[in-house]
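Chain by chain, the residues:
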Amino acid sequence: MALDPRRDLLAGLTVAIVALPLALGFGVSSGLGAEAGLATAVVAGALAAVFGGSNLQVSGPTGAMTVVLVPIVARYGPGGVLTVGVMAGALLIALALLRAGRYMRYVPAPVVEGFTLGIACVIGLQQVPDALGVAKPDGEKVLLAAWRAVEAFAAAPNPAAVGLSLGVAAVMLAGARWRPAIPFSIVAVIAATVAARFFHLDAAAPIGDLPAGLPAPSLAFFDVTALGSLIAPAVAVAALAALESLLSATVADGMTVGQQHDPDKELFGQGIANLAAPLFGGVPATAAIARTAVNVRTGASSRLAALTHAAVLAAIVFAAAPLVAKIPLAALAGVLLATAVRMVEVGALRAMAKATRSDAVVLVLTAAATLVLDLVYAVIIGLVVAGALALRAVAAQASLDQVDFRPDLPGEHSDEEHALLAEHIVAYRIDGPLFFAGAHRFLLELSEVSDVRVVILRMSRVTTMDATGALVLKDAVEKLNRRGIAVMTSGIRPGQRQALASVGALELLRHEGREYATTPEAIAGARKHLEQAGLLPVRHRPHPHRTRKAPR
């Protein structure tokens, strides 16, 4: 994509217009106030654009991060949130140095869609008090807080706040379908602010006073004695920042041709942004998928667009703080309600639900955990459940099938010899992985073998084997040997030998030379074993050094 500074400047201006009400709203929702949201959008937006790994990424306060911050504010206060931001920034830089960005690709799509759905529900519930025009109830559980807000509204209805919030949300949602390129959020917020002033809607409380500019950087909030108790929240914030930023960068790459982000550099940029934003009173930040998408759609081709977005917001902070302070909280609640609705991709959810039953389970569990617990626990639960279901599916692919070994018989045999061999020998082919998830089922099937004297295991199709699989194989062989059944193996791959050797299974399989390279060799070894046991007549083989005379 060719660089076009004019288009980048226009894209940055458009993104700033879209980002302003979102920054204000997320700042208010986090509990630190609108000024914290603006400071984050300016400082983190600029630094992530300079040091990040994507040319198109736009960073700032986000709804997902707000979901994590609300309980931290309730438990540790504003100072705790700012300290967590600095700690999370340091963790992100450490992840970048460890080159952890590449592991983002292993997060399953149902987990991503599930916590996105959960986040949308939480954001919507967080707006209920402001949308109803009542004071925010105490507590960090959004379901309980929303219910208490409804009770407070029923006792003292505030139709003005409800009208403003629903009106803003309706304008945004309808406008996005009609003219997606127009930033209807700022149009709706301006209209709601004018209406509140013109009709003297005193029940629609405004944001309140905003400082005319960014505060001087300070570390006064940083409490060294509280670091121990803040480690877990910092890890949660860093994990979310990494996850959402790399997801956003991937989305941006998919919307363009020729753009490719550097995941480790992106983590580094987000780390720098989160180190600096709290110094200016900002909350922890991450890349914003919605703002990044607007940036791409309006023609951005370089980091200049994201820098312009930060510069425009900074100008608004310095020049228009008194005007911004008059925006009703109910209008911002409407912006975030519409944002929550637009986060839910119905088509993607329907596709995940129809794909497999496992995908549907993972999606629902992740969404429910996000709503009831928190985002980090939700992601962990989603990953664990998705991993367990994937392991079960992989383990189900492993099979132990009895096969006909007669086509592999070396030399010429009579029908009587074929019958004798088939009476005493059984051959099994092991297909797929032999590891902890399905190994015990294999042991149960193999241990049920009876009425034979030799078992041949064809192992050339074993795709992977771990210590558990090797131990199970060893146990099965020992059980068969104790019953007088000899086990021959063929086709053990070099990659399987280490696992077998580590648990002593390889030595057991080699007992009396019972490991063979090919199946015909294993069958020949089985026949020899039966001959020595007196179960088959001894076949007279020519001496290896004796040569037959050629006929005259």
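J.: Whenever I open this one, the packing of aromatic side chains confuses me. Can you help?
T.: Ring pairs (aromatic) are described by centroid distance and by the angle formed between their planes. Counted by the stated rule, this structure contains two aromatic pairs. On the numbers, 6.2 Å between centres and 50° between planes, the contact of tryptophan 178 with phenylalanine 184 is tilted. When its relative accessible area of 13% is taken as the criterion, phenylalanine 184 is described as buried. Relative to phenylalanine 222, the ring of phenylalanine 221 lies with its centre 6.4 Å away and its plane at 70°, an arrangement referred to as edge-to-face. According to the relative accessible area criterion, phenylalanine 221 is buried, its value standing at 17%.

J.: How do you make sense of the packing of helix α1 (residues 5-30) against helix α12 (residues 304-319) when you look at a structure like this?
T.: Working note: a packed helix pair is described by the angle between its axes plus the distance between those axes. Look at α1 against α12: their axes get within 7 Å of each other, and the N-to-C directions meet at 50°. By the angle class used here, α1 and α12 are oblique. Crossing of α1 against α12: the hand is right-handed. For the pair α1 and α12, the contacting residues are Pro5, Asp8, Leu9, Ala11, Gly12, Leu13, Val15, Ala16, Ala19 and Leu20 in the first and Leu304, Ala305, Thr308, His309, Val312, Leu313 and Ile316 in the second.

J.: What is the right way to look at the pattern of salt bridges in this model?
T.: Overall, the coordinates contain seven salt bridges when judged by the stated rule. For arginine 497, the salt bridge is made with glutamate 515, and the minimal N-O distance between the two is 2.6 Å. Of the two residues, arginine 497 sits in helix α21 (residues 494-502) while glutamate 515 sits in strand β8 (residues 515-516), which places them 18 residues apart along the sequence. The exposure class of arginine 497 is partly exposed, given its relative accessible area of 25%. One salt bridge connects arginine 527 with glutamate 531, and the closest N-O pair in it is separated by 3.0 Å. Placement of both arginine 527 and glutamate 531 in helix α23 (residues 519-532) is noted, with a separation of four residues, approximately one turn of the helix. For arginine 527, a relative accessible area of 5% translates into the label buried. Owing to a relative accessible area of 9%, glutamate 531 belongs among the buried residues under this scheme.

J.: What is the right way to read the packing of helix α4 (residues 109-126) against helix α15 (residues 346-355) from this model?
T.: Two elements in contact, α4 and α15, have axes whose closest approach is 10 Å; the angle formed by their N-to-C orientations is 135°. It follows from the interaxial angle that α4 and α15 lie oblique. The way α4 lies across α15 gives a crossing that is left-handed. Each of Ala109, Pro110, Glu113 and Leu117 in α4 lies in contact with α15, whose residues at this interface are Ala348, Leu349 and Met352. Here the residues of the contact of α4 with α15 are counted per class, giving six nonpolar, no polar and one charged.

J.: I keep staring at the nonpolar core and nothing clicks. Help me out?
T.: The biggest cluster of nonpolar side chains holds 86 residues, and the ones touching the most others in it are Leu24 and Val237. It is helix α3 (residues 63-97) that provides the largest number of residues to this core, a total of 15 residues. Residues contacting valine 237, with those up to four places away along its chain left out, are Met65, Val68, Leu69, Ile72, Val84, Ala88 and Pro284. With 29 residues, the next largest nonpolar core counts Val426, Val455, Val487 and Ile492 among its residues.

J.: Where do I start with helix α20 (residues 467-482) in this structure?
T.: Residue pairs three or four apart in sequence face the same way in an α-helix, which turns once every 3.6 residues. Along its 16 residues, α20 runs 22 Å from first to last C-alpha, staying within 8% of the 22 Å computed at 1.5 Å per residue. For α20, the set of buried residues is Gly469, Ala470, Val472, Leu473, Ala476, Val477 and Leu480. Across the axial projection of α20, the buried residues extend over an arc of 160°, all falling on one side. Sitting at the amino-terminal end of α20 is aspartate 466, which places a side-chain oxygen 3.2 Å from the backbone nitrogen of threonine 468. Remark: glycine 484 follows α20 within two positions and exhibits a positive phi of approximately 80°.

J.: How should I be thinking about the environment of glutamate 113 in this particular structure?
T.: If you trace the backbone, glutamate 113 turns up in helix α4. A C-alpha to C-alpha distance of 6.5 Å links glutamate 113 and leucine 363, two positions 250 residues apart in sequence. In contact with glutamate 113, other than residues within four places in its own chain, are Ala348, Leu349, Met352 and Leu363.

J.: So what exactly am I meant to see when it comes to the side chain of threonine 62 here?
T.: Secondary-structure assignment places threonine 62 in the loop between β1 (59-60) and α3. Of note is the side chain of threonine 62, whose polar atom sits 3.3 Å from the backbone nitrogen of methionine 65. Within the structure, threonine 62 has its side chain in polar contact with the side chain of glutamate 244 (distance 3.3 Å). Every residue in contact with threonine 62, bar those within four places of it in the chain, is listed here: Phe26, Glu244, Thr286, Ala287, Ala288 and Arg291.

Reading the values: rules and limits
- Residues numbered from 1 in each chain as written.
- Predicted model: local features only at pLDDT ≥ 70, side-chain atom pairs only at ≥ 80, totals over all residues.
- Heavy atoms only, no water.
- Phe/Tyr/Trp six-rings, centres within 6.5 Å; stacked < 30°, edge-to-face > 60°.
- Buried < 20%, exposed > 50% of the residue type's maximum accessible area, 1.4 Å probe, protein only.
- Axes fitted to C-alpha atoms, helices over the stretch in contact; angles between N-to-C directions.
- Helix = DSSP H or I, 4+ residues; strand = E, 2+ residues; numbered from the N terminus.
- Parallel < 35°, antiparallel > 145°, perpendicular 65-115°, else oblique.
- Left-handed = near helix turned anticlockwise from the far one by under 90°.
- Contact = heavy atoms within 4.5 Å.
- Salt bridge = Lys/Arg side-chain N within 4 Å of Asp/Glu carboxyl O.
- Nonpolar A, V, L, I, M, F, W, Y, C, P; charged D, E, K, R; others polar.
- Core = buried A, V, L, I, M, F, W, Y, C linked by side-chain atoms within 4.5 Å.
- Expected span 1.5 Å × (residues − 1).
- Arc of directions from axis to C-beta.
- Polar contact = N/O pair within 3.5 Å; in protein donor to acceptor, adjacent residues only side chain to side chain.

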